[in-house]
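Descriptive analysis of the structure
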Amino acid sequence: MNLLPIENPQIAKKHRFRSLKLVNVDLDQEFEHRPFGVDYGTFNNGLTYYVRSNPKPRLRAALALAVKVGSILEEENERGVAHIVEHLAFSATKKYTNHDIVKFLESIGAEFGACQNAVTSSDETVYELFVPIDKPELLSQAISVLAEFSSEIRASKDDLEKERGAVMEEYRGNRNASGRMQEAHWALMMEGSKYAERLPIGLEKIIRTVSSETVKQFYKKWYHLQNMAVIAVGDFPDTKSVVELIRTHFEEKISASDPPNIPLFPVPSHEEPRFSCFVESEAAGSAVMISYKMPADELKTVKDYRDMLVESMFLHALNQRFFKISRRKDPPYFSCSAASDALVRPLKAYIMSSTCKENGTLQALESMLLEVARVRLHGFSEREVSVVRALLMSEIESAYLERDQMQSASLRDEYIQHFIHNEPVIGIEYEALLQKSILPCISASEVSKYADKLQTLCNCVLKTIEPQASATIDDLKNVVSKIDNLEKQGSITPWDEDYIPEEIISIKPTPGYVVEQKEYSNIGATELTLSNGMRVCYKSSVLMEMLAGKRVEVGTKLGAYMRTFSGDCSPSDLETALQLVYQLFTMNVIPGEEEVKIVMQMTEEAVRAQERDPYTAFANRVKELNYGNSYFFRPIRISDLRKVDPVKACEYFNSCFKDPSTFTVVITGNIDPSIAVPLILQYLGGIPKSPEAIFHYNRDDLKGLPFKFPTTIIREVVRSPMVEAQCSVQLCFPVVLKNGTMVEEIHCVGFLSKLIETKILQVLRFKYGQIYSACVSVFLGGNKPSRTGDVRGDMSINFSCDPEISSKLVDLALEEVVHLQEEGPAYQDVATVLEIEQRAHENGLQENYYWLERILRSYQSRVYSGDVGTSFKVQDEGRSRIRESLTPSTAQSALQRILPYPCKNQYTIVILMPEDSRFKFLRSLFQRNDYGRDAKTLAAIAGITVLAVCLWRYSRKS
């Protein structure tokens, strides 16, 4: 049978997954290079284009300029230049200057950040935009920005100098424990190839000193239209007009007729495994990584696709075993997983990684290698593979059923991969048909054979990570030799398969019934009060088509306990989620000795990891200054864990899930009430009703958190030992919201925080070029959870920077807030913030999680008094009133009202700095005049200092 994609989406919509008929698959059939479902082609100047109409989200477009140029193409004196070019794209082009592109994006509500940015890797650079298109000119302007990136990036001396600081700060941010470990592992994996020395972030020396001419030369040499593609996926009425729009902006751009070919850079193979024992004093814990490198597979035929499915089944089955091992008595690791990863253009790898207790890396390594060897000797059981097969079938069924809800950004990413890596795009209908036909035919023995690819004698890299050295390379070699010998001798026993119940609930509960039903037409939701007192609010995308997926969230009225089950799921998945909720209420958690031991080990490791992190002392001091010794903000110490009574903890946990009437369940998504409601009555209504109320309280009598923000100015430097210099800043102001206009004030704080964040970024990054990013966050959790009384908390400004200029940047940030209070923001600043908020709101209305969170918050809000629809309405009206009234003058007044005025009279500033060398401090004592020149005094100081250093070193080891 000729297996082709379903061409007519209207016909496809009529079919459910279970109605797809199995077909005889031709394994030799090749996939078409032309991607499915998209207007695709190449202009005369060499530029490739992909344009697709997609309604999710409405009136939005996901755009990209994909460039087959990455750091691997850099010469020695250019290391980091590919990334610098990416930065310059947003700061200076022929048409835009001084970050005008960012200002334009923000002015149309396309916030600069994760979706309006770019990424540079070893092999490519991708610029991404996500923009509104409800006005005809916006799409044209956004495509013109991509056209500027393609050939008009400026790299003058001034342009480069303005951006060096931001690039340098991004570099500095990568020099933490995680960054150092990743860099070391990358160098070990890529040893012997150019990739080992071409990390995209580059070298500090190059970032600080590279000339504008060198940057220009790299850009001119490699940025050619033949190496680029424009991708546009969005809510377009048609694709032809968008193709013509791209042609209009790019047709006059002409690249060199014979641009240099982009070479392939081989990664040499090695028969002997490579070993590394990496010691990182700031590591979050001990870990083991095993990588098996191999040539990247090409996905050209149906057989290649089948092989990919077999690989996926193998990894899923192996991960199931790893998970079960982690739950055994005295497990060798806390967690372990295996995955396949495309590393660079010619290379992929299977990577197994685990986290373990301190000094436990050898035990973890042995267990990981042993399990792979066990699969080679004995294979997976039919039961293990059938579980994986059912899981993959469920995933593709969900994807097929939700195919009309595919987000434009996800489709855009598929076309990027098609252009960069030649990955075929075959369409979800065709893919569902393939998987449904192929998965039942894949046997356990076929899945098990994939373990042969994970051999330590070919392109294998083994690495341990520890905060203090315990394992040696010889130890690692001995473990590998031990497992190899056991496998050769056939001394590894088969897998002892655990009993797995067929169902979560063996005896289904007696269904409850609906006591009361309310319809909230303003949010398209239905609220059921069940016979056991539990409330269930569901919002179905049958009522509002824009929603996708299902998510169940459970919380008390106060939001003290929450459990979330999320994902795109079929009716059977919803039933499973509701069964798990039922189990929360009916099971009795008893602290087993081994379970408690494992949990305590993991928690202790987490606490120790925090104590090793230089940022912990900083974060703890911020909390201590702003909140005093309030119990809610105190850090957990090892000594605290020793006081935990597991029996009392479990008793408390069990008591919290005894009274279903104190819980509200919110379900949003693409559900059919005729199917969902019987399941709700069965499992949620079937939860036994508590004979008496568990919680006895009056909401208005509850107290807020006991803390008081400092009434004066506090400026502190926290010095922490660091491997490499890092610097973080937090500037914090108290916030008090008056009860009379609470709803409006809460919305107002959100607008003001975004306004301040935008202005700080404009000043510290765009004007002075000294930070990479800034964040303004608001905490309003200090109030009592009653319907009366003021709300209090704080607003904090956070950024990282060069330690040498941190004080200067703090003053600049403080001056900007003072300026906003005294002079007010510009009209354009307010307009930009309003536009960003409006676009975010419009996007949220089309997202399942947004409605879930909004409905939950409405139940938990102060204004809720038994009617969630009214609560929702009051909050929306409050937002609208703030939007309508927000002007430069009202924003200025709000800044004076909500923050201390003048703010320079009450704030805290904490700066994290590297700890000074003790001997550097000692030398400074000799240089300072106020200590005099008395030789005996100096000798005494020197002796005390040396003694202190010795004691300090001893304390670090003990």
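These numbers were taken from a predicted model, which means no experiment stands behind them.

A few words on the overall build of the protein chain. Tallying secondary structure elements over the protein chain gives 30 helices and 22 strands in all. When burial is assessed residue by residue, the protein chain has 52% of its 958 residues classed as buried. Taking all contacts inside the protein chain whose residues are at least 6 apart in sequence as the whole, residues at least 24 apart take part in 82%.

A few words now on the side chain of Arg 389. Here Arg 389 shows up in helix α12 (residues 382–401). A polar contact is formed between the side chain of Arg 389 and the backbone oxygen of Ile 442, at a distance of 2.6 Å. When neighbours within four sequence positions are excluded, Arg 389 is seen to be in contact with Met 313, Leu 439, Pro 440 and Ile 442.

Next up on the list: the side chain of Ser 806. In this structure, Ser 806 sits in helix α24 (residues 806–822). According to the relative accessible area criterion, Ser 806 is buried, its value standing at 2%. The residues contacting Ser 806, other than those within four sequence positions of it, are Cys 727, Val 729, Cys 801, Ile 911 and Met 913.

We now examine the pattern of salt bridges. The tally for this structure, following the rule as stated, stands at 48 salt bridges. Salt-bridge contacts for Lys 103 lead to Asp 100; the nearest nitrogen and oxygen are separated by 3.9 Å. Separated by 3 residues within a single helix, Lys 103 and Asp 100 lie in helix α3 (residues 100–107), roughly one turn from each other. On the accessibility criterion, Asp 100 (28% relative accessible area) is partly exposed.

Turning our eyes to something else, we now look at the confidence of the model for the protein chain. Considering every residue of the protein chain, the mean pLDDT works out to 86; 89% of them sit at 70 or more. For the stretch residues 542–569, pLDDT sits under 50, and the model shows 109 contacts to residues farther than four places along the chain or on other chains. A low-confidence stretch, residues 918–958 (pLDDT under 50), is modelled with 14 contacts involving residues beyond four sequence positions or located in other chains.

Further remarks concern helix α28 (residues 888–898). Restricting attention to buried positions, one finds in α28 the residues Ala 891, Gln 892, Ala 894, Leu 895 and Ile 898. All buried residues of α28 lie within an arc of 160° about the axis, which places them on one face of the element. Tucked inside the fold, the buried residues of α28 contact β19 (728–737), α23 (742–767) and α24.

The next thing to look at is the packing of helix α2 (residues 81–91) against helix α8 (residues 212–222). Where α2 contacts α8, the axes come no closer than 10 Å and their chain directions differ by 90°. Comparing the axis directions of α2 and α8 gives the class roughly perpendicular. Listed contacts from α8 to Val 81, Ala 82, Ile 84, Val 85 and Leu 88 of α2 are Val 215, Phe 218 and Tyr 219. The residue makeup of the contact of α2 with α8, split by class, is 8 nonpolar, no polar and no charged.

With 6 of 6 residues buried, strand β14 (residues 535–540) lies mostly within the body of the structure. Along β14, one buried face is formed by Arg 535, Cys 537 and Lys 539 and the opposite face, lined by Val 536, Tyr 538 and Ser 540, is buried too. Two elements, strand β13 (residues 525–530) and β14, share 5 bridges in a ladder whose sense is antiparallel. Paired with Ala 525 across the two strands is Lys 539, which belongs to β14. What sits between β13 and β14 in their antiparallel hairpin is a turn of 4 residues, with Gly 533 showing a positive phi close to 95°.

A few words now on the packing of aromatic side chains. Within this structure, the stated rule accounts for 28 aromatic pairs. Each ring, one from Tyr 850 and one from Trp 851, has its centre 6.1 Å from the other, and the planes form 90°; the classification is edge-to-face. As far as the burial class goes, Tyr 850 and Trp 851 line up, both buried. These aromatic residues form a ring-pair network of at least three members: Tyr 627, Phe 632, Phe 633, Phe 707 and Phe 779. The positively charged end of Arg 403 is found above the aromatic ring belonging to Tyr 400, 3.9 Å away from the centroid. When the ring centre of Trp 851 is taken as reference, the NZ or CZ atom of Lys 539 above it lies at 4.4 Å.

A few words on the packing of α23 against α28. The contact between α23 and α28 brings their axes to 10 Å, and the two run at 105°. Here α23 lies roughly perpendicular to α28, going by the angle between them. Listed contacts from α28 to Glu 745, Cys 748, Val 749, Leu 752, Leu 755 and Ile 756 of α23 are Ala 891, Ala 894, Leu 895, Arg 897 and Ile 898. Along the lines of polarity and charge, the residues of the contact of α23 with α28 split into 9 nonpolar, no polar and 2 charged.

As a further point, take unusual backbone geometry. At the junction of Lys 56 and Pro 57, the peptide bond is cis and its omega measures out at -5° in the coordinates. Note that Pro 57 resides in the loop between β2 (48–53) and β3 (60–67). Residues Tyr 901 and Pro 902 are joined by a peptide bond in cis, for which omega reads -5°. Note on placement: Pro 902 falls in the loop between α28 and β22 (907–914). Residue Asp 330 is not a glycine yet carries a positive backbone phi of 45°. Here Asp 330 is to be found in the loop between α10 (302–326) and β9 (335–344). Even without a glycine there, the phi angle at Asn 459 is positive, about 55°. Counting through the fold element by element, Asn 459 comes out in the loop between α15 (444–448) and β11 (460–466). Exposure remark for Asn 459: the relative accessible area of 11% places this residue in the buried category.

With that out of the way, let us pick up the sheet that holds strand β21 (residues 791–800). With mixed pairing, the 5 strands of this open sheet are ordered in space as β18-β22-β19-β21-β20. The open sheet has two edge strands with one neighbour each: β18 (713–720) and β20 (774–779). Each strand of the sheet is rotated relative to its neighbour by a mean of 15°, with strand direction disregarded. Strand direction decides the pairing type here: β19 and β21, joined by 10 bridges, are antiparallel. Within β21, the position partnered with Leu 737 by the bridge is Val 791. Lying over the sheet, α23 contacts β19, β20 and β21, oriented at roughly 160° with respect to β20.

With that out of the way, let us pick up helix α6 (residues 177–189). The end-to-end C-alpha distance of α6, which contains 13 residues, comes to 18 Å, matching closely the 18 Å that a straight helix rising 1.5 Å per residue would cover. Buried within α6 are the following residues: Ala 177, Gly 179, Arg 180, Met 181, His 185, Trp 186, Leu 188 and Met 189. Buried residues along α6 sit in contact with β7 (274–279), β8 (286–295), β9, β10 (347–356) and β11.

Time to look at the sheet that holds strand β5 (residues 125–132). The sheet built from 6 strands is open, its strands ordered β1-β2-β6-β3-β5-β4 with mixed pairing. Two strands lie at the open edges of the sheet, namely β1 (39–42) and β4 (117–120), each paired on one side alone. Each neighbouring strand pair of the sheet contributes to a mean axis angle of 10°, computed without reference to strand direction. For β1 and β2, the ladder comprises 4 bridges, and the chain directions are antiparallel. Within β2, the position partnered with Gly 41 by the bridge is Tyr 49. Across the face of the sheet, α2 comes into contact with β4 and β5 while running at roughly 170° to β4.

A word on the nonpolar core. Burial of nonpolar side chains together is a common tendency in soluble globular proteins. Core analysis: the largest hydrophobic core is formed by 132 residues, its most contacted members being Leu 63, Tyr 127, Val 131, Met 190, Ile 756 and Phe 799. Residues in contact with Met 190, not counting those within four places in the same chain, are Tyr 195, Ala 196, Val 267, Arg 274, Leu 343, Val 344 and Leu 347. Judged by nonpolar contacts, the second largest core, of 62 residues, contains Ala 364, Leu 392, Leu 439 and Val 447.

A word on the environment of Asn 670. Turning to its location among the elements, Asn 670 is positioned in the loop between β17 (663–669) and α22 (673–684). We classify Asn 670 as partly exposed; its relative accessible area is 26%. In sequence terms Asn 670 and Lys 539 are 131 residues apart; their C-alpha atoms lie 8.5 Å from each other.

We now examine the environment of Leu 318. Residue position: Leu 318 is located in helix α10. Overall, the relative accessible area of 0% leaves Leu 318 in the buried class. Setting aside its immediate chain neighbours within four residues, Leu 318 contacts Ala 338, Met 352, Val 372, Val 375 and Phe 380.

Calculation criteria
Starting from 1, residues in each chain are numbered consecutively following that chain's sequence as written. Side-chain atom pairs in this predicted model are given and counted only at pLDDT of 80 or more, local residue features only at pLDDT of at least 70, and totals for whole chains, interfaces and linings cover all residues. For side-chain calculations, the full set of non-hydrogen atoms in the structure is used, while hydrogens and water are omitted. In DSSP terms, a helix is any run of H or I states spanning at least four residues, a strand is any run of E spanning at least two, and both are numbered starting from the N terminus. The classification of residues rests on relative accessible area computed with a 1.4 Å probe and restricted to protein chains. Under 20% of the type maximum is buried, over 50% is exposed, and intermediate values are partly exposed. The criterion used for residue contact is that any of the two residues' heavy atoms lie within 4.5 Å. Polar contacts, as counted here, are pairs of nitrogen or oxygen atoms within 3.5 Å of one another; within protein the pair requires one atom able to donate a hydrogen and one able to accept it, and residues that are adjacent in sequence qualify only if both atoms are side-chain atoms. What counts as a salt bridge is simple: a side-chain nitrogen of Lys or Arg found within 4 Å of a carboxyl oxygen of Asp or Glu. Think of pLDDT as the predictor's per-residue confidence, scored from 0 to 100. The arc in question is formed by the directions pointing from the helix axis toward the C-beta atoms. Only the stretch in contact is used when fitting a helix axis, every axis being a line fitted to C-alpha atoms; angles between N-to-C directions are given from 0 to 180 degrees. The cut-offs work like this: below 35 degrees is roughly parallel, past 145 is roughly antiparallel, 65 to 115 is roughly perpendicular, and the gaps in between are oblique. Only Asp, Glu, Lys and Arg are considered charged, only Ala, Val, Leu, Ile, Met, Phe, Trp, Tyr, Cys and Pro nonpolar, and every remaining residue, Gly among them, polar. Criterion used throughout: strands pair if DSSP finds at least two bridges between them. Working definition: a ring pair exists when centres of Phe, Tyr or Trp rings (six-membered ring for Trp) sit within 6.5 Å. Plane angles under 30 degrees give stacked, over 60 give edge-to-face, the rest tilted. Only when the NZ atom of a Lys or the CZ atom of an Arg is both within 6 Å of the ring centre and within 35 degrees of the ring normal do we say a charge sits over the ring. Expected span of a helix: the number of residues minus one, times 1.5 Å. Residues enter a nonpolar core if they are buried and are Ala, Val, Leu, Ile, Met, Phe, Trp, Tyr or Cys, with the set joined through side-chain atoms within 4.5 Å.

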